[in-house]
Amino acid sequence: MPAPAPRGRGDSGDHPVYDVQREVDDLDAVIERVGGPVLLFGMSSGAVLALEAVARGSAVSALALYEPPFVVDATRPPLPVDYVDRMKAVVARGDATQALSYFLSVGLSMPDEGIAGMRNTPVWAAWEAAAPTLPYDGQVMADTMSGRPLPPDRWRPVNIPVLVGHGSAGETYMANGAKELASHGDNYTLYTLPGQDHDVVPHALAPVLTAFFTGVQRDVRSGSVVVRPGIDPRVPR
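Rules of the game
- Residues numbered from 1 in each chain as written.
- Predicted model: local features only at pLDDT ≥ 70, side-chain atom pairs only at ≥ 80, totals over all residues.
- Heavy atoms only, no water.
- Helix = DSSP H or I, 4+ residues; strand = E, 2+ residues; numbered from the N terminus.
- Buried < 20%, exposed > 50% of the residue type's maximum accessible area, 1.4 Å probe, protein only.
- Contact = heavy atoms within 4.5 Å.
- Areas by Shrake-Rupley, 256 points an atom, 1.4 Å probe, with all protein chains shown as cover.
- Salt bridge = Lys/Arg side-chain N within 4 Å of Asp/Glu carboxyl O.
- Core = buried A, V, L, I, M, F, W, Y, C linked by side-chain atoms within 4.5 Å.
- Axes fitted to C-alpha atoms, helices over the stretch in contact; angles between N-to-C directions.
- Parallel < 35°, antiparallel > 145°, perpendicular 65-115°, else oblique.
- Left-handed = near helix turned anticlockwise from the far one by under 90°.
- Nonpolar A, V, L, I, M, F, W, Y, C, P; charged D, E, K, R; others polar.
- 1 Å grid on protein atoms, 1.4 Å probe; cavity = no way out; pocket = protein on both sides within 12 Å on 5 of 7 lines; lining within 4 Å.
- Points joined across faces, edges and corners; volume = space filled by probe spheres on them.

Chemist: I'm lost on the overall build of the chain in this one. Help?
Modeler: Helix and strand content of the chain: nine helices and four strands. Ordered by position from the N terminus, the helices and strands of the chain form the series α-β-α-β-α-α-α-α-α-β-α-β-α. For the chain, the proportion of its 237 residues judged to be buried stands at 43%. A sequence separation of at least 24 residues applies to 70% of the contacts in the chain between residues at least 6 apart. When the accessible surface of the chain is summed, it comes to about 11700 Å², and 55% of that surface belongs to carbon and sulfur atoms.

Written out as C-alpha cells, the structure reads:
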C-alpha cells in the first residue's frame, strides 16, 4: 500500500499542532483497517515518514522507498538549522507565495529561474494551497538534510526487507543519500531506475515494486530468511 497523504494534504485532516507521531498514528489506523502487516511504499519525504513509522513499530512486513531527499554530503547546500522555524513564521503570516518560494529555493535547492517558470503553471496554485503544510516535511526530515552522514541509530529497529530506489537521471545528492541508507544493513537493497528522476514514471517503478514485494511474500511463505529479496539480477542496477 502507498503511504497515506500527509496531514493537511489530499483527503487527510490536520491539527493545529503538528507532530510526526500523529502521521504514524494515521498510518497505523489504515493498517489496522486493511489488516496488517502490510507491504508499504513511500517516496520523497513520504519515504522518510514510512521509514520512521516502521522504526516506531508500525505493522509493516516489507518497505520500498524512492528517493528519500537526504543530504549527506556537499553535493547540494544543506538546510539551514532554522529552516523549519523560518518556514513556520512565513506560514503564520499567511504568505503562501513566499512559503512556497522558500520551500522550492531552500528546501529543494531550485534555481530562481526554475521557480519563476513554475509560477506560470497550473501546479503553482495547487502547491500554494498546500503551503500551510510545508513545515511538516522539514519536521519529518529533521536533521537528515544537514550535509552530514545519516544518524547511525535512528532507524536501527528497522529489520524488515527495505528496497531503496533512486533514478539514474536524478539529483546526485538523492542518489548519495539512497546509497548511504542502503549501506545501513543487509536487509537494505539499493536499486537504480534507469532514466528516471524524482518525478518517476509509474510504469517504470511498478515492475520493480512488484518484483520486490512478490519476492518478499514468496520468501515469507517458504519460511526462508529474507536478506535481499525480490530483485531480478538481470535488471540493471
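Having seen the model, we can carry on.
Chemist: Explanation requested: the pattern of salt bridges in the structure shown.
Modeler: Two side chains bearing opposite charge may form a pair once their charged atoms approach each other closely. Counting across every chain of the model gives three salt bridges. Where Glu52 meets Arg154, a salt bridge forms, and the shortest distance between an N and an O atom there is 3.1 Å. You can see Glu52 sitting in helix α2 (residues 45-55) and its partner Arg154 sitting in the loop between α7 (134-141) and β3 (162-167), a full 102 residues away along the chain. A relative accessible area of 23% places Arg154 in the partly exposed class. Across the salt bridge formed by Asp153 and Arg156, the nearest N and O atoms sit 2.3 Å from each other. What makes Arg156 exposed here is its relative accessible area of 57%.

Chemist: Mind showing me how you'd approach the nonpolar core here?
Modeler: Nonpolar side chains tend toward joint burial in soluble globular proteins. Counting 52 residues, the largest nonpolar core has Leu63, Trp155, Val158, Leu181 and Tyr188 as its most contacted members. The leading source of residues in this core is α2, at eight residues. Excluding residues that lie within four positions of it along the chain, Val158 makes contacts with Leu51, Val54, Ala55, Asn187 and Tyr188.

Chemist: What is the right way to read the packing of helix α3 (residues 83-92) against helix α4 (residues 96-107) from this model?
Modeler: It is at 9 Å that the axes of α3 and α4 come closest, and there the two elements cross at 160 degrees. In terms of orientation, α3 lies roughly antiparallel with respect to α4. Between α3 and α4 lies a crossing whose hand is right-handed. Contacts between α3 and α4 involve Tyr83, Arg86, Met87, Val90 and Val91 from the former and Gln98, Ala99, Tyr102, Phe103, Val106 and Gly107 from the latter. A per-class count over the contact of α3 with α4 returns eight nonpolar, two polar and one charged.

Chemist: Just checking my understanding: could you explain empty space enclosed by the protein for this structure?
Modeler: In this approach the atoms are scanned with a rolling probe the size of a water molecule, which exposes any empty space left behind. All chains considered together, the criterion is met by two cavities of 30 Å³ or more. The computed volume of the second largest cavity comes to approximately 40 Å³. Along the walls of the second largest cavity sit Phe41, Leu65, Tyr66, Leu163, Gly165, Tyr191, Leu193, Leu205, Val208 and Leu209, which together make up its complete lining. When residues of the lining of the second largest cavity are traced back to their parent elements, those giving at least two are β2 (60-66), β3, β4 (188-193) and α9 (202-222). Residue composition of the lining of the second largest cavity, grouped by class: nine nonpolar, one polar and no charged.

Chemist: What exactly am I supposed to notice about the layout of surface pockets here?
Modeler: Its boundaries defined by the atoms lining it, the second largest pocket holds a volume of some 190 Å³. Leu79, Pro80, Val81, Tyr83, Val84, Gly138, Gln139, Ala142, Asp143, Met145, Ser146 and Arg148 together form the lining of the second largest pocket. Among the elements of the structure, α3 and α7 are those that each provide at least two residues to the lining of the second largest pocket. Residues that form the lining of the second largest pocket fall into these classes: seven nonpolar, three polar and two charged.

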